[in-house]
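What the coordinates show
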Amino acid sequence: MKYHIKTFGCQMNVCDSDWLAQALYIRGWEPAAEEEADAILVNTCSVREKPEQKVYSQLGRLKRSNPGAVVGVGGCVAQQVGERFWERFPHVRLVFGPDAVPSVPESLERLAADPGLRISLLDFCGSYPERERVWSLTQQPAQRFVTIMQGCDNFCAYCIVPFTRGRQRSRDSSEVLRECQELVGSGVREITLLGQNVNSYGRDRGEEEIGFADLLERVCSIPGLMRVRFTTSHPKDLDGEVIDAFARLEALCPALHLPLQAGSDRILQRMGRKYTRQGYFRLVEELRAARPDIVLSTDLMVGFPSETEEDFQQTLDAMQRSGFDSSFSFKYSDRPGTRAANMPDKVGEAVKADRLERLQALQEELTARSLGSLQGETVTVLVEGADSRNNGSPASWRGREPGGRVVNFSGTDNRDLTGSLVPVRVREVKKHSVYGEVVNEPW
Ligand code: SF4
């Protein structure tokens, strides 16, 4: 049997799709192009209006490109829309929420055996939905994501995640460590720990589970694991122990994604973010004191209901003061069931587009400054793969330096450098990456 997986949205969805691909592969399924697959899974994102609309156009197109395939819809739009998918898309025969990922391989086999069957898996689990162990059976790439929790309890006013991924459930730390060790044993050199709000890891389990700083310490001490990253953090839960970990733990990369969302206290309060701009600046100061080379990225939203030009100016000011190396920025859009969807004083599309443009222009300046600081420096790159092969001459390679910034460089011979740590002197700064050359061997 052949499968094809389409993934939209966040790294949690990527991690779910990676597991599904591996679980199907070890059951004898083969990866295939969309047109040739017996089963197609669409792993969806509902964080904004646009990604949700994308799902519907995809499903319409799949009906034409491969009418015979078993089509399954997973992820946040599946949880949000549920069995209503069947009314609009009768060719969809499987609807599964994020908690049901472990049951998908077996469900696909049942659907393949019984053409009349339709399955919906939309219940939330009371605890973290653990999955079959699948990684040690094949060689793994240099980087992998490891989920440490599911769901979120924060209910930020604009966010649909607590409704589509459920309440926070932390995974057993013993399971997290076992999966990390298994991945390192299968060739992984860098692990990114994933959760909606990793800093509150374990808090839903009281005394029976360790906290995030302890988990980080244990993961970073796994022999053979060269680099550890984590995302996503919440400023209200980022504590001194985790900040201190950046100064102490060698394997912990100097990179942190810390969503600010907005720079105005009035808007932060309406969003229900539970921190202030001054509180956020203090965290940035403490992080830079603990790890001066730390690379900071963030999420920023424009056009939250009632946002004024003055509020927006405070977002631009906060970006300058925090010196973000990069950011993901979005226009606010109503999400079903959220508090903000019912708030008055919605900001017009044209104003949102103008503010997003100005914000992204400022971010380009900040990113150029961040990448420019690497000019002439020698950085250690964990090679993710070949950028392009030049017909027998040494390939050019792509990877990331410890801060997470993308580095491209030319190899000196035809060795496969994937998964290696290579010292590269930066020669050229580009818009979103830098280019360099390998520093003389041995390394
Ligand atoms: S912390 Fe807020 S924005 Fe992030 S997933 Fe939870 S509710 Fe959504």
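Everything quoted here is computed from the prediction, not taken from an experiment.

Another aspect to go through is the overall build of the chain. Scanning the chain for helices and strands turns up 13 helices and 19 strands. Computed over the C-alpha atoms, the radius of gyration of the chain is 22 Å, within 12% of the 22 Å expected from 2.2 N^0.38 for a compact globule of 443 residues. Each of the three principal axes of the chain carries a C-alpha extent, and together these read 60 × 60 × 50 Å. Looking at the 443 residues of the chain, the share that counts as buried comes to 57%. Taking all contacts inside the chain whose residues are at least 6 apart in sequence as the whole, residues at least 24 apart take part in 72%. For the chain, the accessible surface area stands at approximately 18700 Å², while carbon and sulfur atoms represent 49% of it.

To continue, consider the state of the cysteines. In this structure the tally under the stated criterion is 0 disulfides. The cysteine Cys 10 is free of any disulfide, with Cys 45 supplying the nearest cysteine sulfur at 6.5 Å. Left unpaired, Cys 76 is separated from the closest cysteine sulfur, that of Cys 45, by 6.5 Å. Judged by its relative accessible area of 8%, Cys 76 falls in the buried class.

Across the 5 residues of strand S11 (residues 227–231), 5 count as buried, placing the element largely inside the fold. By the alternation rule, side chains of S11 split into Arg 227, Arg 229 and Thr 231 and Val 228 and Phe 230, which are all buried. The pairing of strand S10 (residues 190–194) with S11 spans 5 bridges and is classified as parallel. Residue Leu 193 lies in a different strand from S11, and its bridge partner there is Phe 230. Regarding the hand of the β-α-β motif, the stretch spanning S10, helix H8 (residues 212–220) and S11 is right-handed.

This part is about the packing of helix H7 (residues 173–185) against H8. In the contact formed by H7 and H8, the axes pass within 10 Å of each other and the chain directions differ by 25°. Between H7 and H8, the angle falls in the class roughly parallel. Where H7 crosses over H8, the handedness of that crossing is right-handed. Across from Ser 173, Val 176, Leu 177 and Cys 180 in H7, the residues of H8 making contact are Leu 215, Arg 218 and Val 219. Split into classes, the residues belonging to the contact of H7 with H8 amount to 5 nonpolar, 1 polar and 1 charged.

So, on to the site of the ligand. In the vicinity of the ligand, the contacting residues are Cys 152, Asn 154, Phe 155, Cys 156, Tyr 158, Cys 159, Val 161, Pro 162, Gln 196, His 234 and Arg 273. Its residues placed into classes, the shell around the ligand shows 7 nonpolar, 3 polar and 1 charged.

Here the focus is the sheet that holds strand S4 (residues 70–75). Read from one edge to the other, the open sheet built from 6 strands follows the order S2-S1-S3-S4-S5-S6, with strand pairing classed as parallel. Across the chains shown, the open sheet's two edge strands, defined by having one partner strand only, are strand S2 (30–31) and strand S6 (119–121). In terms of strand pairing, strand S1 (residues 2–7) meets S2 through 2 bridges, oriented parallel. By the bridge assignment, Lys 2 is partnered in S2 with Glu 30. Packed onto the sheet, helix H2 (residues 49–65) meets S1, strand S3 (39–44), S4 and strand S5 (92–96) and runs at close to 170° relative to S3. Against the sheet, helix H5 (residues 104–113) touches S3, S4, S5 and S6, its axis set at about 165° to S5.

Moving on, we come to the domain arrangement of the chain. How big an interface is tends to be reported as the loss of accessible area on association of its parts. Parsing the chain into structural domains produces domain 1 (2–121), domain 2 (134–253), domain 3 (264–372) and domain 4 (378–438). Facing 19 residues of domain 1, the contacting portion of domain 2 comprises 20 residues. There are 3 salt bridges connecting domain 1 and domain 2. A salt bridge links Asp 99 to Arg 169, with the nearest nitrogen and oxygen atoms 2.5 Å apart. There are 5 residue pairs in polar contact (both at pLDDT 80 or more) connecting domain 1 and domain 2. Looking at the side of domain 1 that touches domain 2, the elements with two or more residues in it are helix H1 (11–26) and helix H3 (76–81). Of all the elements, H1 adds the most residues to the side of domain 1 that touches domain 2, at 12 residues. In terms of residue class, the side of domain 1 that touches domain 2 is built from 10 nonpolar, 6 polar and 3 charged.

As a further point, take the sheet that holds strand S13 (residues 295–302). Across the sheet, which stays open at both edges, the 3 strands sit in the order S12-S13-S14 with parallel pairing between neighbours. The outermost strands of the open sheet, each flanked by one partner alone, are strand S12 (255–257) and strand S14 (326–331). Strand-to-strand, the axes of this sheet are offset by a mean angle of 10°, without reference to chain direction. Across 3 bridges, the pairing between S12 and S13 is parallel. Its bridge partner being in S13, Leu 256 is matched across the sheet by Leu 296.

Here the structure, examined in full by the defined rule, presents 38 salt bridges. The shortest N-O distance in the salt bridge between Arg 229 and Glu 190 comes to 3.2 Å. Of this pair, Arg 229 sits in strand S11 while Glu 190 sits in strand S10, placing them 39 residues apart in sequence. You can call Glu 190 buried: its relative accessible area is 4%. Connected through shared salt-bridge partners, Glu 307, Glu 309, Asp 354, Arg 355 and Arg 358 make up one network.

Definitions and cut-offs
- Residues numbered from 1 in each chain as written.
- Predicted model: local features only at pLDDT ≥ 70, side-chain atom pairs only at ≥ 80, totals over all residues.
- Heavy atoms only, no water.
- Helix = DSSP H or I, 4+ residues; strand = E, 2+ residues; numbered from the N terminus.
- Rg over C-alpha atoms; globule rule 2.2 N^0.38 Å.
- Buried < 20%, exposed > 50% of the residue type's maximum accessible area, 1.4 Å probe, protein only.
- Contact = heavy atoms within 4.5 Å.
- Areas by Shrake-Rupley, 256 points an atom, 1.4 Å probe, with all protein chains shown as cover.
- Disulfide = S-S within 2.5 Å.
- Pairing = 2+ DSSP bridges.
- Right-handed = clockwise from strand over helix to strand, strands pointing away.
- Axes fitted to C-alpha atoms, helices over the stretch in contact; angles between N-to-C directions.
- Parallel < 35°, antiparallel > 145°, perpendicular 65-115°, else oblique.
- Left-handed = near helix turned anticlockwise from the far one by under 90°.
- Nonpolar A, V, L, I, M, F, W, Y, C, P; charged D, E, K, R; others polar.
- Near = heavy atom within 4 Å.
- Domains from an automatic or database assignment.
- Salt bridge = Lys/Arg side-chain N within 4 Å of Asp/Glu carboxyl O.
- Polar contact = N/O pair within 3.5 Å; in protein donor to acceptor, adjacent residues only side chain to side chain.

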